[in-house]
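# Results of the structural survey
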Amino acid sequence: MEAYRFDFEESAKLSKEPAWLRDLRREAMGTFERLDFPTMKDEDWHFTNVAPIAEKMFALPRKGGQVSEDLIARFAFGSEWNTIVFVNGRLERIDEQSKNIRGTTITTVHEEIAKDSELLKRHLSKLASPESAAFTALNTAFAVDGAVIRVAPDAVVEKPIHLLFISDENAENTAIQTRNLIFAERHSQCTIIESYVSVGGENYFANAVTEVFVGEGARIGHYKLQTESRSAFHVGTIQVEQARDSRYESFSFATGAKLSRTNVYTTLAGDAAEAILNGLYMVDGSQHVDHQTRIEHVAPNCPSHELYKGILDGNSHGVFNGKVYVHPEAQKTDGKQSNNNLLLSDGARVDTKPQLEIFADDVKCTHGATVGRLDETALFYMRSRGIGPSQAKRLLTYAFAADVLEKIELEPLKEALEAQVLDKFTS
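First, a word on what this report is: a plain description of the structure on this page.

## Things to note about helix α7 (residues 134-142)
Within an α-helix, residues lying three or four positions from one another point in the same direction, as the helix has 3.6 residues per turn. Across the nine residues that make up α7, a large majority, nine, are buried. Every buried residue of α7 is listed here: Ala134, Phe135, Thr136, Ala137, Leu138, Asn139, Thr140, Ala141 and Phe142.

## Section: the packing of aromatic side chains
Evaluated as defined, the whole model comprises twelve aromatic pairs. Centroid distance Phe86 to Phe165: 5.0 Å. Interplanar angle 20°. Geometry classified as stacked. Here the residue Phe86 occupies a position in strand β1 (residues 82-87), and Phe165 occupies one in strand β5 (residues 161-168), the gap between them amounting to 79 residues. In this pair, the class of Phe86 matches that of Phe165, namely buried. Summarising the aromatic geometry, the rings of Tyr308 and Phe320 are spaced 5.3 Å apart at their centres and angled 40° between planes, so their arrangement reads as tilted. One end of the pair, Tyr308, is in strand β15 (residues 303-312); the other, Phe320, is in strand β16 (residues 317-326), and twelve residues separate them in sequence. As far as burial versus exposure is concerned, Tyr308 and Phe320 are alike and both buried. Taken together, Phe32, Phe37, Trp45, Phe58, Phe135, Phe205 and Phe233 form an aromatic cluster joined through their ring pairs. In this structure, Arg261 packs its charged tip against the face of Trp45, placed 3.8 Å from the ring centre.

## Some points on the sheet that holds strand β4 (residues 147-151)
Ordered by their spatial adjacency, nine strands build an open sheet running β3-β4-β6-β8-β10-β12-β14-β16-β18, and the pairing between neighbours is mixed. The strands lining the two open edges of the sheet, one partner per strand, are β3 (104-108) and β18 (349-358). Averaged over all adjacent pairs, the angle separating strand axes in this sheet is 5°, with direction ignored. Looking at chain direction, strand β10 (residues 233-242) and strand β12 (residues 259-268) are connected through ten bridges and run parallel. Bridge pairing in β12 links Ile238 to Val264.

## What to know about the pairing of strand β13 (residues 274-283)
Among the ten residues that make up β13, nine are buried, leaving the element largely enclosed by the rest of the structure. Relative to β13, strand β11 (residues 247-254) runs parallel, the two being bridged by eight bridges. Following the sheet pairing, Glu249 is matched in β13 by Ile276. Taken together, the nine bridges between β13 and β15 define a ladder with parallel strand orientation. Bridge assignment links Leu277 to a residue of β15, and that residue is Glu306.

## Quick word on the pattern of salt bridges
Enumeration according to the criterion identifies 23 salt bridges in this entry. Salt-bridge contacts for Arg25 lead to Glu17; the nearest nitrogen and oxygen are separated by 2.8 Å. Residue classification places Arg25 among the buried positions, given a relative accessible area of 7%. A salt bridge links Arg186 to Glu216, with the nearest nitrogen and oxygen atoms 3.9 Å apart. Residue Arg186 is located in the loop between β6 (175-184) and β7 (189-199), and its partner Glu216 is located in the loop between β8 (205-214) and β9 (219-227); the two are separated by 30 residues in the primary sequence.

## What about the environment of Arg22?
Tracing the backbone shows Arg22 in helix α2 (residues 19-35). Among the residues examined, Arg22 registers a relative accessible area of 38% and is labelled partly exposed. Along the primary structure Arg22 and Met382 are separated by 360 residues, whereas in three dimensions their C-alpha atoms are 63 Å apart. Setting aside its immediate chain neighbours within four residues, Arg22 contacts Ser15 and Glu17.

The rules we used
Residues numbered from 1 in each chain as written. Predicted model: local features only at pLDDT ≥ 70, side-chain atom pairs only at ≥ 80, totals over all residues. Heavy atoms only, no water. Buried < 20%, exposed > 50% of the residue type's maximum accessible area, 1.4 Å probe, protein only. Helix = DSSP H or I, 4+ residues; strand = E, 2+ residues; numbered from the N terminus. Phe/Tyr/Trp six-rings, centres within 6.5 Å; stacked < 30°, edge-to-face > 60°. Lys NZ or Arg CZ within 6 Å of the ring centre and 35° of its normal. Pairing = 2+ DSSP bridges. Axes fitted to C-alpha atoms, helices over the stretch in contact; angles between N-to-C directions. Salt bridge = Lys/Arg side-chain N within 4 Å of Asp/Glu carboxyl O. Contact = heavy atoms within 4.5 Å.

Structure below.
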């Protein structure tokens, strides 16, 4: 805690930021010190111990090295998407086509700060406030860069926008704080991919916050891919607000980090808004992966559907905590939530807690969770057809994962993730 305060004060001395932002950062730092790192006594963190993050000394991020086209291509999923690359939390490059997307403006938090942007002043921390969580407060105090994407009314962005966050060898023992803001205005459509990867970085802490404003009738597909170093720590928060008739579809894919936590929170604030939250996490060894989701039904006639699946091997630990909260005014809510987990070893374990809090009487809401092992009957059947026990286990595991991957609408990404899963369990 003292180290963060020292870094904050040193940064503040050199700051040339607008007064409103300096005030926001100082308030956020004070909030972080008051809230402190969460402990397992906190209900939202009951199964996740962040002491390894709290007890480690992380420095401010250092400038990353240059990245080559070949390196970027490794994470492009074989597609020529609009690509914005950040290295150790700082912008490295925006490709030319991303600068000229019709009806879309892409800048960075650093640029918006430099010009004292009214957009940033009005919206930064409006959805993900420092008071909401200690890690969000910490991010607000320190984040100096990230993507700012604004899709104009009625604009349709044909190619996905890929935000690629790379941690290289210069990230060692640093805390990388990234902040993104996404605006999909009235009746616009876009697809956003956030990829968090390691290229040489091993021991670091990535703390990312993304605020998403979905306007009336807008459509967003939002994919978060977390494949950090197996020695790193990752905390990612996505906070969404949806206007009437909007559709927000999220998919979280997590296989990296020593300890990771992904929060996906959306508020259905307008009539007939729709939210779809899906995810797949696959860990082994001593990895710990935690997902928390919250769908808040404020307006009536809103459907929400959620499916998260986990595959755990070795001595890994998975956590899922999902909440659907229905306000009294949110009549005609249709909410479905499911979490299914597959344990491949005796040492793997899962804690799952799907929740419904309903204060309206005309709703259809269901939730459920399963934790189990591979079906012995199916294994026996496959072995009776000449398939060896190891191959049978791998194929059934792949089939378990493929069920949720089929829900990905972006075909190149779906094929790439299916290939990753198939390689992992059938190689």
